[in-house]
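One-letter residues, chain by chain:
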Amino acid sequence: MIPIVSIIGKSNSGKTTLIEKIIPELTRRGYRVATIKHDVHGFDIDEEGKDSWRHRKAGADAVILSSPKQIALVRTVDRDLTIAELRDRFIDDVDIIITEGFKKDIQPKIEVFRKEMHRELLTSKDDDVVAVVSNQPFDMAVPCLDLDDVNGVVDVIEKNFLHHKNENDMTLMVDGKPIPLTPFIKTLIMQTVRAMVSTLKGCQDPKSVKITLGQKSKR
């Protein structure tokens, strides 16, 4: 089951800014990330008059926009889905889901707080809060990190949500970007690399293997 952490906070606290900072750091550490943004006011990504808009206008309950590089699903729902429902229906092949909003959902939360914008925290001791990110210290049982401490925030996420990641898993990074792999391809690469490495002196039982390939020089 893919772990979920919700970045919450009052308006103008810096939730989106924090998410923009932690995604690259998670990616740099080899994790694949999905995000979900909650919009209580509703939204519409369709442009009036476009083909997909006309499909929906004609009565389609679900419309998929597909291109060689990305896809988008527009689907009519009869209620506000929980994060777990969104994960289970629409997201796979990632290591963690970062959400913005969903302050009333039961998922673990990190609250962003700015003292110049608000007087008190949004969450209470009864909420499942794993950290507070703020420019004001708080005496709490969870870590209170500075707004600029991106590594500290990702350390908390890694410790609380990613330390159970399968030790037999693997991540392929090409030019700094994680490449999605099917279970078959993962197993094939892992078995091949481990078999080759285990033939080397002192590497008969490798627990982890890291290979970095530089760009081939041109002559």
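Read on for a plain summary of the structure. Source: prediction; values computed, not measured.

1. A few points about the overall build of the protein
And then number 1: If you tally the helices and strands in the protein, you get five helices and 10 strands.
And then number 2: Counting only C-alpha atoms, the protein reaches 60 × 55 × 40 Å along its principal axes.
And then number 3: Each of the 219 residues in the protein was classed as buried or not, and the buried ones make up 34%.
And then number 4: Taking as baseline every contact in the protein between residues at least 6 positions apart, the subset at least 24 positions apart corresponds to 55%.
And then number 5: Counting only carbon and sulfur atoms, one obtains 51% of the accessible surface of the protein, whose full area is about 15,500 Å².
And then number 6: Side chains of the protein carry 34 positive and 34 negative charges; the gap between the two charge centres is 6 Å.

2. Thoughts on the nonpolar core
And then number 1: Judged by nonpolar contacts, the single largest core of 23 residues is most densely connected at Ile22, Ile98, Ile110 and Ile157.
And then number 2: Where this core is concerned, the elements lending two or more residues are β1 (4-8), α1 (15-28), β5 (96-100), β6 (109-113), β7 (129-134) and α4 (150-162).
And then number 3: Per-element tally for this core: the top contributor is α4, with seven residues.
And then number 4: Not counting the four nearest positions on each side in its chain, Ile157 is found in contact with Ile22, Leu26, Ile96, Ile98, Ile110 and Leu162.
And then number 5: Counting 11 residues, the second largest nonpolar core, distinct from the first, contains Ile2, Ile36, Leu86 and Phe102.

3. A few points about helix α3 (residues 83-90)
And then number 1: Along α3, the residues that are buried comprise Ile83, Leu86 and Arg87. What you see down the axis of α3 is that its buried residues fit within an arc of 100 degrees, all on one side.
And then number 2: Each element contacted by the buried residues of α3 is listed here: β1, β2 (33-37) and β5.

4. Side note on the sheet that holds β1
And then number 1: If you trace the six strands from one edge of the open sheet to the other, you get β2-β5-β1-β6-β7-β8, paired in parallel fashion. Either end of the sheet is taken by a strand with one partner, and the two such strands are β2 and β8 (144-145).
And then number 2: Looking at chain direction, β2 and β5 are connected through five bridges and run parallel. Residue pairing in the sheet places Val33 in a bridge with Ile96 of β5.
And then number 3: Lying over the sheet, α1 contacts β1, β2, β5, β6 and β7, oriented at roughly 170 degrees with respect to β5.
And then number 4: Contacting β1, β5, β6, β7 and β8, α4 crosses the sheet at an angle of about 175 degrees to β7.

Thresholds, definitions, all that
- Each chain carries its own residue numbering, running from 1 in the direction its sequence is written.
- At least 70 in pLDDT is required for a residue's local features to be given in this predicted model, at least 80 for side-chain atom pairs to be given and counted, and no such filter applies to totals for whole chains, interfaces and linings, which use all residues.
- The basis for the side-chain values is all heavy atoms of the structure; hydrogens and waters are excluded.
- Starting at the N terminus, helices and strands are each numbered in turn, a helix being any DSSP run of H or I of at least four residues and a strand any DSSP run of E of at least two.
- In this scheme, a residue with accessible area under 20% of its type's maximum is buried, one over 50% is exposed, and one in between is partly exposed, where area comes from a 1.4 Å probe on protein chains only.
- Residues are treated as being in contact if the distance between any of their heavy atoms lies within 4.5 Å.
- Surface exposure here means Shrake-Rupley accessible area, sampled with a 1.4 Å probe, where a residue is shielded only by the protein chains that are shown.
- Here the positive residues are Lys and Arg and the negative ones are Asp and Glu; neither His nor the chain ends is included.
- By convention, charge coordinates are those of NZ in Lys, CZ in Arg, CG in Asp, or CD in Glu.
- Among the buried residues, those of types Ala, Val, Leu, Ile, Met, Phe, Trp, Tyr and Cys that are joined through side-chain atoms within 4.5 Å form a nonpolar core.
- Our arc is simply the arc of the directions from the helix axis toward the C-beta atoms.
- Pairing between two strands requires that DSSP report at least two bridges joining them.
- Axis definition: a line fitted to C-alpha atoms, over the contacting stretch in the case of helices. Angles run 0 to 180 degrees between N-to-C directions.

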